[in-house]
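Chain by chain, the residues run as shown.
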Amino acid sequence: MYQDALQRELFRVGIIVLAGFAAGWSVGYSLYGLLIGLVVSQIISIRHAATIFKWSYRQGPAPQDSGLIGYSADRIIRREKTLKDRLLNQAKMLQRYNQGIEALKDGVVVLDSAGHITTFNSAATRMLYLRKDDNGQHITHLIRTPQFVRYFRSSDFSEPLQFDLRNVSLQVQITEFGIDQKIMLVRDVTERKRVETMRQDFIADVSHELRTPLTVINGYLEMLSDMDTPAPLSKALAQMDSQANRMTNLVNDLIQLSKLESASRERDGVSFDLTALCHQVAGEMKGYSGDAEVRINTERSLIVDGFKEEMHSALTNLVTNAIKYGDGKQVDIDIAPSDRGIEVAVTDQGPGIPPEHLSRVTERFYRVDESRESTVGGSGLGLSIVKHALEHHDAELKIESALGQGSTFSFVIPSFRRENNA
Ligand code: ADP
């Protein structure tokens with residue numbers, strides 16, 4: 001194609017120049033004729049260039065030429081058409097994506113690297129009370145719930161966040177994509193939360209209802225244990241007493257767990273001295289710890305903004321476990337301030353936990369060794385209580401254990417919960 005066009009172009013120039021030369025030669029001015037031929041061919045080229053220039057600004061028809069200019073125009077027209085088709089396809093695809101996103105029941109909000117809203121769908125408008133002109137606004141200026149603001153600023157989106165916005169429970173999951181861009185999926189979980197609350201209320205109610213008969217049973221058992229009873233009956237009474245105690249512990253732990261689960265994350269905390277609380281827990285363990293010594297390793301008092309009763313439960317459960325499973329050896333409570341906040345660790349020198357059980361011990365009623373359970377006691381809810389109580393302090397339970405070398409249960413209370421007591 002190109003070769004043909006080039007040949008035609010050269011042929012045309014050649015003909016014009018030759019015609020000029022021949023005409024000049026016939027009148028005895030061959031050089032002038034050649035010059036005129038060249039000028040004419042140049043004028044034709046300039047005219048063609050002018051046509052293509054105008055055409056490029058869409059001010060005239062496409063150049064009709066069989067030479068190089070016509071060939072180039074033809075190529076440009078074809079390329080433009082391919083581009084147009086491609087753009088049209090992309091526009092259609094984009095439209096389909098947008099329609100898909102728009103049809104989603106979940107809210108979708110796309111954010112730029114700084115957290116400004118780029119686009120969002122109707123469901124997001126409804127759930128987050130956004131307006132059409134909110135594009136470009138920073139997300140934390142529009143969703144001001146402290147929990148959400150903290151979650152967004154933390155940049156840790158590994159877990160979804162659940163929070164309430166004007167009586168509706170929302171679950172937000174942020175995913176990063178491209179260069180620092182984020183897509184935020186918002187789901188209305190009000191119904192799910194209602195069912196969950198019903199389940200929690202049911203467990204709490206049943207546990208409360210069990211308390212009264214248990215108190216009566218325990219009372220009679222205590223009365224009977226003070227009486228002279230024949231040996232076989234004494235044995236049966238001892239077993240009944242131990243099982244009734246177990247049930248009381250279970251009911252108490254269930255009530256505590258339901259309270260923790262239903263407690264609002266929006267509550268205001270109070271200041272308390274974590275070091276003093278650890279000393280209090282160690283003191284309360286005196287009658288229980290037997291040979292095991294509970295040592296507190298800290299230099300000074302550290303004030304925390306949180307929920308004292310819940311932290312008390314968490315520490316009591318961790319220390320109780322360390323004593324229970326620690327083979328009567330020393331238990332250490334380490335508390336130390338760090339850049340991350342306040343680091344707390346409870347370490348025992350017991351037999352440790354096999355690695356395959358580590359990820360499951362915080363599950364309700366999960367026990368590493370069912371056969372030991374009857375000798376050491378416990379409801380199987382202790383670590384679930386710890387996990388929940390720590391979550392309310394924005395802390396996460398970490399368990400390190402090596403078989404035969406004991407276990408360390410640790411957590412970090414983040415800096416923003418630490419009060420300035422330098
Ligand atoms: P339990 O009431 O049975 O102690 P927890 O929820 O407190 O229930 O603990 C769950 C399981 O984790 C325990 O049954 C025990 O097998 C294991 N466990 C907890 N703490 C320790 C520890 N310090 N050392 C060894 N095993 C532990």
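Residues numbered from 1 in each chain as written. Predicted model: local features only at pLDDT ≥ 70, side-chain atom pairs only at ≥ 80, totals over all residues.

A word on helix α8 (residues 231–262). Helix length check: α8 (32 residues) gives 47 Å between terminal C-alpha atoms against 46 Å at 1.5 Å per residue, within 8%. If you check which residues of α8 are buried, you get Asp253, Leu254, Gln256, Leu257, Ser258 and Leu260. Each element contacted by the buried residues of α8 is listed here: α7 (190–225), α10 (308–324) and α13 (382–391). (Helix = DSSP H or I, 4+ residues; strand = E, 2+ residues; numbered from the N terminus. Expected span 1.5 Å × (residues − 1). Buried ≥ 20, exposed ≤ 12 C-beta atoms within 10 Å, placed from the backbone. Contact = placed C-beta atoms within 7 Å.)

Along its sequence, the protein is carved into domain 1 (2–93), domain 2 (104–188), domain 3 (197–262) and domain 4 (268–422). At the junction of the two partners, domain 3 supplies nine residues and domain 4 supplies nine residues. Taken together, the residues of the side of domain 3 that touches domain 4 break down into four nonpolar, two polar and three charged. (Domains from an automatic or database assignment. Nonpolar A, V, L, I, M, F, W, Y, C, P; charged D, E, K, R; others polar.)

For the rest of this paragraph, the subject is the site of the ligand. In the vicinity of the ligand lie 19 residues, with Tyr325, Val368, Gly378, Gly382 and Leu383 positioned nearest. Of all the secondary structure elements, the ones that give two or more residues to the shell around the ligand are α10 and α13. In terms of residue class, the shell around the ligand is made up of eight nonpolar, eight polar and three charged. (Near = placed C-beta within 6 Å.)

Residues Ser407, Phe409, Phe411 and Ile413 point to one face of strand β12 (residues 407–414) and are all buried, whereas Thr408, Ser410, Val412 and Pro414, pointing to the other face, are not buried. In the sheet, strand β10 (residues 341–347) pairs with β12 via seven bridges, with the strands oriented antiparallel. Bridged to Thr347 within β12 is Thr408. Bridging between strand β11 (residues 398–401) and β12 involves four bridges; their strand directions are antiparallel. Residue pairing in the sheet places Lys398 in a bridge with Ser410 of β12. Here β11 hands over to β12 after five residues, with Gly404 in that stretch at a positive phi of 80 degrees. (Pairing = 2+ DSSP bridges.)

Turning to the nonpolar core, a few remarks are in order. Counting residues in each nonpolar core, the largest one holds 37 residues, and the members touching the most others are Leu315, Leu318 and Val319. No other element matches α10, which puts seven residues into this core. When residues of this core are assigned to domains, at least three fall in each of domain 3 (197–262) and domain 4 (268–422). With near-sequence residues (within four places) excluded, Leu315 lies in contact with Leu277, Cys278 and Val281. Within the second largest apolar cluster, 18 residues are counted, among which are Leu111, Ala123, Met127 and Phe152. (Core = buried A, V, L, I, M, F, W, Y, C linked by C-beta atoms within 7 Å.)

Take the sheet that holds β11 next. In a beta sheet, neighbouring strands are held together by backbone hydrogen bonds and run either parallel or antiparallel to one another. With mixed pairing, the five strands of this open sheet are ordered in space as β7-β9-β10-β12-β11. On the outer flanks of this sheet lie β7 (294–297) and β11, each paired with one strand and no other. Across this sheet, the average inter-strand angle for adjacent strands is 15 degrees, counted without regard to direction. The strands that α10 touches are β7, β9 (331–338), β10 and β12; relative to β9, the one it contacts most, it runs at about 145 degrees. (Axes fitted to C-alpha atoms, helices over the stretch in contact; angles between N-to-C directions.)

This part is about the packing of helix α9 (residues 274–284) against α10. Closest axis-to-axis distance for the α9/α10 pair is 10 Å, and the angle between their directions is 50 degrees. With respect to α10, the element α9 is oriented oblique. The way α9 lies across α10 gives a crossing that is right-handed. Where α9 approaches α10, its residues Leu277, Cys278, Val281 and Ala282 are matched on the opposing element by Lys308, Met311, His312, Leu315, Thr316 and Val319. In terms of residue class, the contact of α9 with α10 is made up of seven nonpolar, two polar and one charged. (Parallel < 35°, antiparallel > 145°, perpendicular 65-115°, else oblique. Left-handed = near helix turned anticlockwise from the far one by under 90°.)

All right, on to unusual backbone geometry then. Glycine aside, residues mostly have negative phi angles, and peptide bonds mostly take the trans form. Despite not being glycine, Asp180 shows a phi value in the positive range, around 65 degrees. Tracing the sequence through the fold places Asp180 in the loop between β4 (168–177) and β5 (181–188). With phi around 60 degrees, Phe365 is a residue other than glycine that occupies positive phi space. Among the secondary structure elements, Phe365 is positioned in the loop between α11 (355–358) and α12 (370–376).

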